[in-house]
Every structure is written in structure tokens, then in C-alpha cells.
Amino acid sequence: MGIEFRGVTKRYPDGTVAVDDLNLTVEDGSITVLVGPSGCGKTTSLRMINRMVEPTSGQVLLDGRDVRESDPPALRRGIGYVIQQAGLFPHRTVLDNVATVPLLSGWGRRKARARAAELLELVGLPAELGKRYPARLSGGQQQRVGVARALAADSPVLLMDEPFSAVDPVVREGLQDELLRLQSQLGKTIVFVTHDIDEAVRLGDRVAVLRVGGRLAQYGSPAEVLRQPVDDFVASFVGRDRGYRGLSFVDSSGVAVEAVATARTGEPLSGPVVDWLLAVNAEGRPRGWVRPGSTVDGLLTEADLAAGGSLYRQGGPLRGALDAALSSPAGLGVTVDDHGRVVGVVTARQILDVLEKRAELEQGGFAPEVP
Ligand SMILES: Nc1ncnc2c1ncn2[C@@H]1O[C@H](COP(=O)(O)OP(=O)(O)OP(=O)(O)O)[C@@H](O)[C@H]1O
């Protein structure tokens, strides 16, 4: 179910123009992220979709129909909505929180609770948490309940207003992964508001960058926004290391992975260590590096190793490959397969060469060879 903003302006009674002539199409089944600094009109835009805020002029269309044709309470019941700090009812159990919308929609109590239990499982919460009150959950768990509650409407549209901003960065990453996993199963039309550009590029199929005054600055894929910001505002908003972060959207299959000398932990070394040796365990998974010139008495153990850098999956994003190379004590980024076994290594130099070639092609210097 697509959403379209057509020339939408919102002027609050005190004269504040929160959203100024917004034109934006949210594709069916995609995640569109509204991102921008505080006060740029993200929340106002989101709330005009479910009529919690009415536009001063222009139209918001849901599946081609002006939302003003729908009765607001019915419209809101049919659109999932998740807010910061989950907004759970404190005096209802987790299960009853999630069952709220099905109950409001006239489901019987048993059926609504059964559905709520399924949804808790779907968002990765153990069933026994259903009996608790929200105050007895961690922040991350509360957010999951908030997501489960929004999914209970079983609507094709989900509005999410800074749903993960109150939790710490590690929990937030987990919640983001979970949302992407759910989305790959459910294929909802999601409009997600955040002020965090990293979150925006991680989650969004498309990213709308808004500037203060409620004007759309740029609307495009995460890669476009990072690599081709339309102006200084977008460039500074997406940040200084946007070039590096843009590598998240380039796959590393063009980088030739080279063989690496390895040694097994738990076995003796076969001779003097001249070059860096990658230590692997019996399953072929990397454990760290043996420095050149090291001597090992008896069997190679973890205590003999320099800690390894980050690993990256073969063919995964270039950002991971470059990070693996830069964080490796040997200057060699370790490539692993889907089972975590060593495939080989790459250097930062190889990665930069691939990037330079791409840039030349993109600038139209050379046409790609057609076999
Ligand atoms: N009810 C209101 N009355 C008057 N002005 C409002 C009202 N709600 C929001 N505003 C103003 O409209 C502008 C946009 O607010 P909005 O909450 O949509 O922005 P936002 O991008 O979501 O901000 P934040 O990231 O800080 O939540 C701000 O200047 C805000 O102060």
C-alpha cells in the first residue's frame, strides 16, 4: 500500500511552518526513512499519514485515496504506529498491550491473546514475558513489545517514530536487525522517522532528508544520499565519513581474494615464522595471527597469537573488507565463508584499486568491456 504526499504543508496555529510543500512517494512494501535535524518536521509529516495532524494544504494519499476520506479512529486502528519509549500502557500486561488493537477491532479475548502470543514470538520475546507489566522489561524489550503491538493491527502500513532512539547503541543495532528480518518476511510499507543518519541508511530502501523549515532536501537510496548529496546541507548532515560509509553499498566481489599461509592451533609450527601466519582452529575458523619471527615451544596456542582484526564475508560490502584490512595487525583482511571458515585475505591497497577503477568508470572515462 503506497503513500503519497502531494504538496503538503502544515502550519501550526502559532504560525510555525513545520512542513513546507512536501511531495514524496513512499513505495508499497518498502522502508522509507524520514531523517533530519530536530524540528525539521519529521514527526508532523508522519502524523499526517494517520490524521493525528491534519495538513493545512495539500493531500496525503494512502493507496491512492485521500486519508481525509477515512474516519480517523478507523484509519489509526488500521495503521501500525510505534513511538519512542514504546508508549505501552503501564497497567496492562505485555500480552494485553499487544492484544489491544485486535480487541478494539472486535476480536474475542482468547483469539486476541493467542494472536498477541504469536506476535511476541515473532519479535523474539519469550512467551513468559507476556505476563509481566511493561515496567519490568528492559528498554529494548519494551521496544519489541511496541513493535509487536503495532504489528497486531495486521495492517500493510507501519509508522515508526524514533522507535529505537531511547536504547543504547548495541541494543539498537539488534532492534534494527530484527526490523530488517521482520520486514523481509512481512513486506510492509514502513515510514520510519529518525534523526540518526546511520540508522536511516541502514534501514531505508529510500531516505528522505528534511531540513529545518520542513522542506525536503533530498530523496533517494542510501547510497545516493551518501555518495551524491545534492547540497552542502545534505553533505554535512550525512557526515564527514560519508565516503567510507558509502562503501556499505558496494559489494566486494571485484576484489581478488588471495591465499594466505595458515597454521593450526593445537599443532606444532612446521618451521620458522618468516611472514605473518594466520592461525585457524580445527574447523578452519580464524583465531588470530602469528607474528613474523615468533618462536613457539611445542604446540601453537591462543597465547602465542596477536589478536585478529575484523572479518568479512566473501562478497560482502566493501566497507567490511576495508575495515578487515585496516584492523588486521598483518594488514591483511580475512575473508570468511558463510560458515566462518577462512577463504583468503585482501589488502587495503587492492580495495582502493578497485574503488579507483569504479570511479574512473563512473566518470565515463572508459566504457566497461562487454564480452
Ligand atoms: N503542536 C504544535 N504547535 C506548534 N508548533 C509545533 C507543534 N508541533 C510541532 N511544532 C513545531 O513544528 C516544527 C516541526 O516539529 P516536528 O515535531 O514535526 O519535528 P521533528 O523533525 O519530528 O523534530 P524532533 O526530531 O525534534 O522530534 C518544530 O519547529 C516544532 O516546534
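Residues numbered from 1 in each chain as written. Predicted model: local features only at pLDDT ≥ 70, side-chain atom pairs only at ≥ 80, totals over all residues.

As annotated in an unreviewed UniProt entry, the protein carries the name ATP-binding cassette domain-containing protein and is attributed to Amycolatopsis cynarae. In its Sequence similarities (unreviewed entry) section, the UniProt entry covering the protein states "Belongs to the ABC transporter superfamily." (UniProt positions renumbered as here; feature names shortened; annotations may be inferred.)

K.L.:
What exactly am I supposed to notice about the overall build of the protein here?
P.N.:
The number of helices and strands found in the protein is twelve helices and 16 strands. Considered along the principal axes of its C-alpha atoms, the protein spans approximately 80 × 55 × 40 Å. Considering the protein as a whole, with its 371 residues, one finds that 38% of them fall into the buried category. Counting contacts in the protein only where the partners sit at least 6 residues apart, residues at least 24 apart contribute 59% of the total. (Helix = DSSP H or I, 4+ residues; strand = E, 2+ residues; numbered from the N terminus. Buried ≥ 20, exposed ≤ 12 C-beta atoms within 10 Å, placed from the backbone. Contact = placed C-beta atoms within 7 Å.)

K.L.:
Help me out: how do you make sense of the site of the ligand in this one?
P.N.:
Taken together, 13 residues are adjacent to the ligand, and Y12, A18, S38, T43 and T44 come closest. Per element, the largest residue contribution to the shell around the ligand is three residues, and it comes from helix 1 (residues 42-49). Looking at the shell around the ligand residue by residue, the class counts come to three nonpolar, eight polar and two charged. (Near = placed C-beta within 6 Å. Nonpolar A, V, L, I, M, F, W, Y, C, P; charged D, E, K, R; others polar.)

K.L.:
How should the pairing of strand 1 (residues 3-11) be read in this particular structure?
P.N.:
The side chains of a regular strand alternate, first on one face of the sheet and then on the other. In this structure, strand 1 lies alongside strand 4 (residues 57-62), joined through five bridges in antiparallel fashion. Considered in strand 4, the bridge of F5 is made with V60. Here six bridges tie strand 1 to strand 2 (residues 17-26), and the two strands are oriented antiparallel to one another. Bridge assignment links F5 to a residue of strand 2, and that residue is L24. Turn length for the strand 1-strand 2 hairpin, with the two strands adjacent in sequence and antiparallel, is five residues, and the turn residue G15 shows positive phi of about 100°. (Pairing = 2+ DSSP bridges.)

K.L.:
Would you mind showing me how to read the environment of G340 here?
P.N.:
Position of G340 among the secondary structure elements: in the loop between strand 15 (333-336) and strand 16 (342-346). Of the residues examined, G340 has 13 C-beta atoms within 10 Å and is grouped as partly exposed.

K.L.:
Could you clarify how one ought to interpret the sheet that holds strand 14 (residues 311-313) in this entry?
P.N.:
Ordered in space as 14-15-16, the three strands form an open sheet in which the pairing is mixed. At either margin of the open sheet sits one strand with a lone partner, and together these are strand 14 and strand 16. Neighbouring strand axes in the sheet, compared pairwise and without regard to direction, differ in orientation by 35° on average. Note that strand 15 and strand 16 share four bridges and pair antiparallel. Its bridge partner lying in strand 16, V336 is registered against V342. (Axes fitted to C-alpha atoms, helices over the stretch in contact; angles between N-to-C directions.)

K.L.:
Looking at this structure, I do not really get the pairing of strand 4. What am I missing?
P.N.:
Here strand 4 pairs with strand 5 (residues 65-66) via two bridges, running antiparallel. Following the sheet pairing, L61 is matched in strand 5 by D66. Counting the residues that bridge the hairpin from strand 4 to strand 5 gives two residues, and of these D63 lies at a positive phi of roughly 55°.

K.L.:
Help me understand the packing of helix 5 (residues 139-151) against helix 6 (residues 169-186) in this model?
P.N.:
A packed helix pair is summarised by two numbers, namely the angle formed by the two axes and the spacing between the axes. The interhelical angle for the contact between helix 5 and helix 6, taken along N-to-C directions, is 25°, at an axis separation of 10 Å. The orientation of helix 5 with respect to helix 6, classified from their angle, is roughly parallel. Both helix 5 and helix 6 take part in a crossing whose hand is right-handed. Contact residues: G139, G140 and Q143 in helix 5; V171, G174 and L175 in helix 6. Each residue belonging to the contact of helix 5 with helix 6 can be placed in one class, and the counts come to two nonpolar, four polar and no charged. (Parallel < 35°, antiparallel > 145°, perpendicular 65-115°, else oblique. Left-handed = near helix turned anticlockwise from the far one by under 90°.)

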